[in-house]
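Descriptive analysis of the structure
So the chains spell out like this:
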Amino acid sequence: MIADLADLADVLVDVDVVLCCGAGGVGKTTTAAALGLGAVRAGRGRVLVLTIDPARRLADALGLESFGNVETAVAVPGAPAGSGLWVAMLDTSASWDDLVRTHAPDPITMERILSNQLYRNITQRFVQSHDYIAMERLHSVHQSGRYDLIVIDTPPSRNALDFLDAPSRMADFFSSSLLKWITLPYRLGGKRVGRLGYLASKPFYQVADRILGSQFLEDIAEFFLLFQTMYDGFVHRATDVERLLHRRSTRFVVVSSLEPAPLQEAEFFLAELGRRGLSIGALILNRVLPEVLFDADARRLAARLVDPSGADDTSVLAGERRTLKRAATAFLDLAALGDAERTARSTLANPPSCVVEVPLVPLDLQDLGGLVTVADVLWPMRKTARRSPRLTRRDPP
């Protein structure tokens, strides 16, 4: 393991929100869970890990039957008094329901939204719906004051920073010209007959009525009209989230491997975060090949086993020699790959002050001990970070 200039525990000492971002498939969810576990073991208080796309093996490692939308406590052996770990998986559908129940202007509007025929389909398939609700959940749980540290595993996607823009885009959408066109006849008309009369007088609505049907148009217009009653809340929370993301006590951790495509993506994330004025905590490089591959003596020995000419190897039987040769060849191949990784590492443009390399571990975490191994690399036990002050805190559910 190599840490540059600053240890991660030092970088995150006064932080209460950590957002892990990066390309899919680089161990981002495992990293988020390990960060949370390490923080608990280091005495950071009550810690929540909210993950977007957890693997089944991670639930197994944490000793849980499954993740859910409701925060679930995880037993952490040896956790200091007052510290604890909670985990949750973002359930898009359930989170939208919670949002409507919490922020609808009145019970009647709430029931009409939840019972609208298009509500479920739109909230599950709407572009960036998942990204938006992730930010809503971050806002909600941070406002609750229940946790000393919140670790967010952001949505895995090619444009994984889109979730940062999701709140403002959602607010803009509900005030867009498109929705004004769709809902205009329903805002002007009173009864259904009046609305259909307006449809019949406008070419756009005549075509839409023939293609989609008047009932569909009415359902979708009703849905957006109802949702626009929550527009002020969208704008208010979008502003709050924007402020939250730009605080010094919020840090972004970029997760990558040293493979070319993820590393290129990581460079893009780092540059984009810097352009937005967001605080970068660290770059975590997962699945780094072990240091033994760079040991000069080990390489010389492997080379002799591959080509023993001139060496005294009479004590090695022929069968053993063939096995050793295959092993040595594999070692040298991995060493060459390690050299390529180091070259890629050295060419990183503008890396942050903290770069942590996590050695290659089995991809299938079998138990909590495996996750602790990663946690101890990210958050060494010799580092005890002081707890970040919070103005309010209630017991987690």
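So, here's what we can say about the structure. (Residues numbered from 1 in each chain as written. Predicted model: local features only at pLDDT ≥ 70, side-chain atom pairs only at ≥ 80, totals over all residues. Heavy atoms only, no water.)

**Re the packing of aromatic side chains**
Rule in force here: In this scheme Phe, Tyr and Trp rings, the latter by its six-membered ring, pair at centre separations within 6.5 Å, and the angle between planes marks the pair as stacked below 30 degrees, edge-to-face above 60, and tilted otherwise. Runs of E in the DSSP output that reach at least two residues are strands. Runs of H or I that reach at least four are helices, and both are numbered from the N terminus. Only protein chains enter the accessibility calculation, which uses a 1.4 Å probe; a residue is then buried when its area is under 20% of its type maximum, exposed when over 50%, and partly exposed in between.
As enumerated under the stated definition, the model contains four aromatic pairs in all. Note on Tyr132 and Phe234: the rings are 5.6 Å apart at their centroids and 70° apart in plane angle, and the pair reads as edge-to-face. Residue Tyr132 is found in helix α7 (residues 129-144), and its partner Phe234 is found in helix α13 (residues 231-246); the two are separated by 102 residues along the sequence. For Tyr132, a relative accessible area of 2% translates into the label buried. Aromatic ring contacts, followed pair by pair, group Trp96, Tyr132 and Phe234 into a single cluster.

**Remarks on α13**
The following threshold applies: The span one expects for a helix is its residue count, reduced by one, times 1.5 Å. The arc in question is the one spanned by the directions pointing from the helix axis to the C-beta atoms.
Taking 1.5 Å of rise per residue, 16 residues should cover 22 Å, and α13 covers 23 Å from first to last C-alpha, within 8% of that figure. Turning to α13, its buried residues number three or more, namely Phe234, Arg237, Ala238, Asp240, Val241, Leu244 and Leu245. End-on view of α13: buried residues confined to an arc of 170°, all on one side of the axis. Facing away from the buried side of α13 by more than 90 degrees, the exposed set consists of Asp232 and Arg243.

**Considering unusual backbone geometry**
At Arg287, a residue that is not glycine, the phi angle is positive and equals roughly 60°. A residue is classified by how much of its surface remains accessible, and Arg287, at 27% relative accessible area, is partly exposed.

**A look at the environment of Trp379**
Relative to the helices and strands, Trp379 is located in the segment after α17 (368-378). Separated by 339 residues in the primary sequence, Trp379 and Val40 place their C-alpha atoms 9.8 Å from one another.

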